[in-house]
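This is what each chain is made of:
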Amino acid sequence: MAIEKTYSMLKPDAVRNHHIGEIIARIERAGLTIERMVLEPVTPEQAAANYAEHEGKPFYDGLIAYITSGPVVKMVVSGEGAVKKMRTLMGPTNPAEAAPGTIRGDFGLIMDENVIHGSDSVASAEREINIFFGE
Ligand code: RTP
Ligand code: MG
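Residues numbered from 1 in each chain as written. Chains lettered and ligands numbered in written order. Predicted model: local features only at pLDDT ≥ 70, side-chain atom pairs only at ≥ 80, totals over all residues.

Enquirer: Help me understand the overall build of the protein, please; the structure alone is not making it clear to me.
Expert: When helices and strands are counted, the protein shows 7 helices and 4 strands. The order of α-helices and β-strands along the protein, N terminus first, is β-α-α-β-α-α-β-α-α-β-α. C-alpha extents for the protein along the principal axes are approximately 35 × 35 × 25 Å. Buried residues in the protein amount to 34% of all 135 residues. Counted over contacts in the protein with a minimum sequence separation of 6, partners at least 24 positions apart contribute 69%. (Helix = DSSP H or I, 4+ residues; strand = E, 2+ residues; numbered from the N terminus. Buried ≥ 20, exposed ≤ 12 C-beta atoms within 10 Å, placed from the backbone. Contact = placed C-beta atoms within 7 Å.)

Okay, structure coming up:
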């Protein structure tokens, strides 16, 4: 498998609930490398760019309010098959459907506050790394 880079973000509920350390430990234990990392808020511009595909959907306004509600941990994560590996570690979008042992299954309760983001493809990863770490 190819070495990939993916964008991952510990969302405001993960930071508020003191889960940063445990989640990062899982990422590193999976053999992935944290290449860049910063704790800071998502700007309104970053939120709109990252979630452009959801604009107009009923959950959009709540999603933007939530993701800008407090600091997040923004990360570039690399490794073999990093995009898929992160999505597997995270579990499905809805924590209620996420199995124990996945990050969302263990640290999340509801769809609207689902702990962590991970890019869904190599193309999305490039786009998102540019949104959050580009100049
Ligand atoms: P994310 O982008 O946040 O990592 O999550 P994802 O790929 O697993 O899910 P995505 O389809 O990209 O949705 C982005 C976020 O929008 C919220 N959502 N709510 N109520 C709903 O039907 C609904 N669908 C999506 C979730 O909080 C999801 O993380
Ligand atoms: Mg997504």
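Enquirer: What am I meant to see in the UniProt feature "binding site: ATP" (unreviewed entry) in the protein here?
Expert: The sites that carry the UniProt feature "binding site: ATP" (unreviewed entry) are, in the present numbering, K11, F59, R87, T93, R104 and N114. As for its position among the elements, R104 is in helix α6 (residues 103-107). In contact with R104, other than residues within four places in its own chain, are M90, G91, P92, P95, A98, N114, V115 and I116. (UniProt positions renumbered as here; feature names shortened; annotations may be inferred.)

Enquirer: Any chance you could explain the UniProt feature "domain: Nucleoside diphosphate kinase-like" (unreviewed entry) in the protein here in plain terms?
Expert: UniProt's entry tags residues 3-135 with the feature "domain: Nucleoside diphosphate kinase-like" (unreviewed entry), counted in the numbering of this structure. Here residues 3-135 is 42% helix and 21% strand, with 24 Å between the C-alpha atoms at its ends.

Enquirer: Even after reading the chapter, I still don't get the pairing of strand β3 (residues 72-80), so can you show me in this structure?
Expert: Within a regular strand, the side chains alternate between the two sheet faces. Burial analysis of β3 places 7 of its 9 residues in the buried class, which makes it a mostly covered element. By the bridge criterion, 8 bridges tie strand β1 (residues 3-10) to β3 in an arrangement that is antiparallel. By the bridge assignment for β3, I3 is matched with E80. Pairing between strand β2 (residues 33-40) and β3: 7 bridges, direction antiparallel. Bridge pairing links L39 to V73 in β3. (Pairing = 2+ DSSP bridges.)

Enquirer: Is there a simple way to think about the site of ligand 1 in this case?
Expert: Close to ligand 1 lie H54, F59, L63, T93, M111, D112, N114, H117, G118 and D120, which account for all nearby residues. Looking at the shell around ligand 1, its residues break down into 3 nonpolar, 5 polar and 2 charged. (Near = placed C-beta within 6 Å. Nonpolar A, V, L, I, M, F, W, Y, C, P; charged D, E, K, R; others polar.)

Enquirer: Honestly, unusual backbone geometry in this entry has me stumped. Any pointers?
Expert: Note on backbone geometry: most residues besides glycine have negative phi, and most peptide bonds are trans. Backbone geometry places H18, a non-glycine residue, at a positive phi of 60°. Counting through the fold element by element, H18 comes out in the loop between α1 (12-16) and α2 (20-29). For H18, a count of 8 C-beta atoms within 10 Å gives the class exposed.

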